[in-house]
Amino acid sequence: EAGVAQSPRYKIIEKRQSVAFWCNPISGHATLYWYQQILGQGPKLLIQFQNNGVVDDSQLPKDRFSAERLKGVDSTLKIQPAKLEDSAVYLCANGKGTGSGEQYFGPGTRLTVT
Amino acid sequence: KNQVEQSPQSLIILEGKNCTLQCNYTVSPFSNLRWYKQDTGRGPVSLTIMTFSENTKSNGRYTATLDADTKQSSLHITASQLSDSASYICVVGNAGNNRKLIWGLGTSLAVNP
């Protein structure tokens, strides 16, 4: 079974620029998550999709972050405009069922905002 | 407040030695407790998932325990290897509240030769 793919793996941008991350989940897994992991901390959930519907986006900074899940499969996370404090690893995770089930993580995208 | 606390924050051991990592939580209502291993530069990988009725679960050299009464869990690593060097994160599922996962900050383990 192929894992969760993410791209790019690394990105360096200047503050106020825009950036987008892409996630290709495991085929057939309905639930998709985007997490932000700041160095030295555990992952923080930004948004959870069930198929292509949003289940939880309570911690997504909606003034600058947006996410969509195309046809319930691939997903993109966008930041516009970026701030210095957005420097983090952005992890995409996938699960078969609801939030209580197993989650499979991609390798993450490391974002550095200068 | 739903919280997960882990100790120690970091740990250094010699290859071949055993170690135990601790996790205390205040999450309620409880759904499940997970231990993840996160290598540097990689996403977390699940080691174990335990529900309320399970008090121990093993995955190779990793053994997790759960005491739902005291709301404590431990992860025991036996005969450590250099490849065990990673961050170990305890995560507790909340049965209510959209079934959110509450993440600990992790224990950073270094296994030295």
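All values reported here derive from a predicted model rather than from experimental measurement.

Caption draft 1: The pairing of strand β4 (residues 30-38) of chain B, seen in detail. Residues and elements named next belong to chain B. Of all the nine residues making up β4, nine are buried; the element is thus mostly covered by neighbouring parts of the structure. With eight bridges connecting them, β4 and strand β9 (residues 86-94) associate as antiparallel partners. Along β9, the bridge assignment pairs N32 with G93. Pairing between β4 and strand β5 (residues 45-51): six bridges, direction antiparallel. Each bridged residue has a counterpart across the sheet, and for N32 the counterpart in β5 is T51.

Caption draft 2: Structural view of the state of the cysteines. The final tally for this structure, using the stated rule, is two disulfides over all chains. C23 of chain A shares a disulfide with C92 of chain A; S-S distance 1.9 Å. Because the sign of the S-S torsion sets the handedness, a value of about -70° for the bond joining C23 of chain A and C92 of chain A places this disulfide among the left-handed ones. Placement of the pair is C23 of chain A in strand β3 (residues 19-24) and C92 of chain A in strand β9 (residues 88-95), with a sequence separation of 69 residues. Here the two residues C23 of chain A and C92 of chain A agree in accessibility, since each one is buried. Note on cysteine connectivity: C23 of chain B is disulfide-linked to C90 of chain B, with sulfurs 2.0 Å apart. Where C23 of chain B bonds to C90 of chain B through sulfur, the torsion about that S-S bond is close to -65°, and the disulfide is left-handed.

Caption draft 3: Main features of the interface of chain B and chain A. If you look at the interface, chain B gives 19 residues, while chain A gives 20 residues. When the two sides are added together, the surface that chain B and chain A hide from each other amounts to roughly 1,400 Å², 47% of it contributed by carbon and sulfur. At the surface where chain B touches chain A, the tally comes to three residue pairs in polar contact (both at pLDDT 80 or more). Counting residues per element, the side of chain B that touches chain A draws most heavily on β4 of chain B, which supplies five residues. Across the side of chain B that touches chain A, the residue classes tally to seven nonpolar, eight polar and four charged.

So, how was this worked out
Residues numbered from 1 in each chain as written. Chains lettered and ligands numbered in written order. Predicted model: local features only at pLDDT ≥ 70, side-chain atom pairs only at ≥ 80, totals over all residues. Heavy atoms only, no water. Buried < 20%, exposed > 50% of the residue type's maximum accessible area, 1.4 Å probe, protein only. Helix = DSSP H or I, 4+ residues; strand = E, 2+ residues; numbered from the N terminus. Pairing = 2+ DSSP bridges. Disulfide = S-S within 2.5 Å. Contact = heavy atoms within 4.5 Å. Buried area = accessible area lost by both parts, 1.4 Å probe. Polar contact = N/O pair within 3.5 Å; in protein donor to acceptor, adjacent residues only side chain to side chain. Nonpolar A, V, L, I, M, F, W, Y, C, P; charged D, E, K, R; others polar.

Everything listed is a geometric property; what it means functionally is a separate question.
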